[in-house]
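Secondary and tertiary structure notes
Here are the chains, one letter per residue:
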Amino acid sequence: MAITINLRYTGKKGAAQTFAREMISSGTVEKIRSEKGNLRYEYYLPFGETADSDDSNETILLIDSWENQQAIDQHHATPMMKTIAELREKYDLHMTIERFVSDDNIPEQDKGFIRN
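Quantities reported herein were computed from a predicted structural model and do not represent experimental measurements.

Some remarks on unusual backbone geometry
- Phi at Lys-13 takes a positive value of approximately 55 degrees, unusual for a residue other than glycine.
- Mapped onto the fold, Lys-13 is located in the loop between β1 (3-12) and α1 (15-25).
- We classify Lys-13 as exposed; its relative accessible area is 61%.
- With a phi angle near 50 degrees, Asp-92 is a residue other than glycine that sits in the positive phi range.
- With respect to the secondary-structure elements, Asp-92 resides in the loop between α4 (80-90) and β4 (94-101).
- By relative accessible area, which is 52% here, Asp-92 ends up exposed.

What counts, and where the lines are drawn
- Residues numbered from 1 in each chain as written.
- Predicted model: local features only at pLDDT ≥ 70, side-chain atom pairs only at ≥ 80, totals over all residues.
- Heavy atoms only, no water.
- Helix = DSSP H or I, 4+ residues; strand = E, 2+ residues; numbered from the N terminus.
- Buried < 20%, exposed > 50% of the residue type's maximum accessible area, 1.4 Å probe, protein only.

Right under this line is the structure:
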(Lines give C-alpha, C1' and ligand atoms only; values in the text may rest on other atoms or scores of the structure.)
Protein backbone atom coordinates (compact mmCIF):
# COMPACT_ATOMS: atom_id res chain seq x y z
CA MET A 1 0.00 0.00 0.00
CA ALA A 2 1.87 3.06 -1.30
CA ILE A 3 1.52 6.61 -0.02
CA THR A 4 1.46 9.32 -2.67
CA ILE A 5 1.77 12.99 -1.89
CA ASN A 6 0.84 15.70 -4.37
CA LEU A 7 2.67 18.91 -3.56
CA ARG A 8 1.72 22.03 -5.47
CA TYR A 9 4.45 24.67 -5.35
CA THR A 10 3.23 28.15 -6.25
CA GLY A 11 5.53 31.07 -6.99
CA LYS A 12 5.87 34.18 -9.11
CA LYS A 13 7.87 35.08 -12.21
CA GLY A 14 8.85 31.51 -13.06
CA ALA A 15 10.13 30.72 -9.56
CA ALA A 16 8.40 27.34 -9.28
CA GLN A 17 9.82 26.16 -12.60
CA THR A 18 13.28 27.46 -11.69
CA PHE A 19 13.04 25.63 -8.35
CA ALA A 20 12.19 22.34 -10.09
CA ARG A 21 15.03 22.82 -12.60
CA GLU A 22 17.51 23.45 -9.77
CA MET A 23 16.27 20.39 -7.89
CA ILE A 24 16.97 18.33 -11.02
CA SER A 25 20.27 19.94 -12.07
CA SER A 26 21.72 19.79 -8.55
CA GLY A 27 21.21 16.02 -8.44
CA THR A 28 18.79 16.26 -5.52
CA VAL A 29 15.94 14.66 -7.46
CA GLU A 30 18.11 11.72 -8.50
CA LYS A 31 19.24 11.22 -4.89
CA ILE A 32 15.63 11.18 -3.70
CA ARG A 33 14.64 8.72 -6.43
CA SER A 34 17.43 6.39 -5.33
CA GLU A 35 16.33 6.38 -1.68
CA LYS A 36 15.01 3.11 -0.33
CA GLY A 37 11.23 3.08 -0.57
CA ASN A 38 10.84 5.85 -3.14
CA LEU A 39 8.47 4.85 -5.93
CA ARG A 40 8.09 8.13 -7.79
CA TYR A 41 9.37 11.69 -7.67
CA GLU A 42 8.27 13.74 -10.68
CA TYR A 43 7.50 17.38 -11.42
CA TYR A 44 4.69 18.46 -13.74
CA LEU A 45 3.55 21.80 -15.11
CA PRO A 46 -0.26 22.01 -15.21
CA PHE A 47 -1.63 22.48 -18.69
CA GLY A 48 -2.29 26.11 -19.52
CA GLU A 49 0.01 27.55 -16.84
CA THR A 50 2.02 30.57 -17.90
CA ALA A 51 4.47 32.88 -16.23
CA ASP A 52 4.57 35.55 -18.95
CA SER A 53 3.61 38.57 -16.86
CA ASP A 54 5.51 39.92 -13.89
CA ASP A 55 2.59 39.42 -11.52
CA SER A 56 1.48 35.97 -12.66
CA ASN A 57 1.41 33.03 -10.32
CA GLU A 58 2.47 29.63 -11.46
CA THR A 59 2.21 26.18 -10.04
CA ILE A 60 4.42 23.11 -10.34
CA LEU A 61 2.99 19.77 -9.25
CA LEU A 62 5.29 17.27 -7.57
CA ILE A 63 4.05 13.70 -7.38
CA ASP A 64 6.04 12.02 -4.60
CA SER A 65 5.26 8.37 -3.85
CA TRP A 66 6.69 6.05 -1.21
CA GLU A 67 6.27 2.40 -0.21
CA ASN A 68 5.11 3.29 3.31
CA GLN A 69 5.23 5.87 6.10
CA GLN A 70 8.56 4.54 7.36
CA ALA A 71 10.18 5.34 3.99
CA ILE A 72 8.74 8.88 4.15
CA ASP A 73 10.03 9.33 7.70
CA GLN A 74 13.50 8.18 6.66
CA HIS A 75 13.43 10.60 3.72
CA HIS A 76 12.39 13.47 6.00
CA ALA A 77 15.42 12.70 8.23
CA THR A 78 17.94 13.10 5.38
CA PRO A 79 20.08 16.19 4.75
CA MET A 80 18.22 16.64 1.45
CA MET A 81 15.24 18.03 3.36
CA LYS A 82 17.40 20.98 4.45
CA THR A 83 18.40 21.55 0.81
CA ILE A 84 14.77 21.42 -0.30
CA ALA A 85 13.66 23.82 2.46
CA GLU A 86 16.43 26.26 1.54
CA LEU A 87 15.41 26.18 -2.12
CA ARG A 88 11.75 26.75 -1.20
CA GLU A 89 12.81 29.84 0.73
CA LYS A 90 15.18 31.00 -2.03
CA TYR A 91 12.34 30.96 -4.57
CA ASP A 92 9.65 32.13 -2.10
CA LEU A 93 7.39 29.18 -2.87
CA HIS A 94 4.14 28.37 -1.12
CA MET A 95 2.71 24.85 -0.97
CA THR A 96 -0.48 22.88 -0.78
CA ILE A 97 -0.40 19.18 -0.06
CA GLU A 98 -2.73 16.26 -0.71
CA ARG A 99 -1.96 12.79 0.61
CA PHE A 100 -3.31 9.55 -0.85
CA VAL A 101 -3.05 5.91 0.18
CA SER A 102 -3.17 3.56 -2.77
CA ASP A 103 -5.98 1.16 -3.41
CA ASP A 104 -4.67 -1.48 -5.79
CA ASN A 105 -8.06 -3.20 -6.07
CA ILE A 106 -9.68 -1.75 -9.17
CA PRO A 107 -13.43 -2.50 -9.15
CA GLU A 108 -14.68 -4.58 -12.05
CA GLN A 109 -17.05 -1.79 -13.14
CA ASP A 110 -14.05 0.55 -13.54
CA LYS A 111 -11.80 -1.84 -15.46
CA GLY A 112 -13.80 -1.30 -18.66
CA PHE A 113 -12.64 2.32 -18.74
CA ILE A 114 -8.93 1.46 -18.55
CA ARG A 115 -6.98 0.93 -21.71
CA ASN A 116 -3.89 -1.24 -21.19
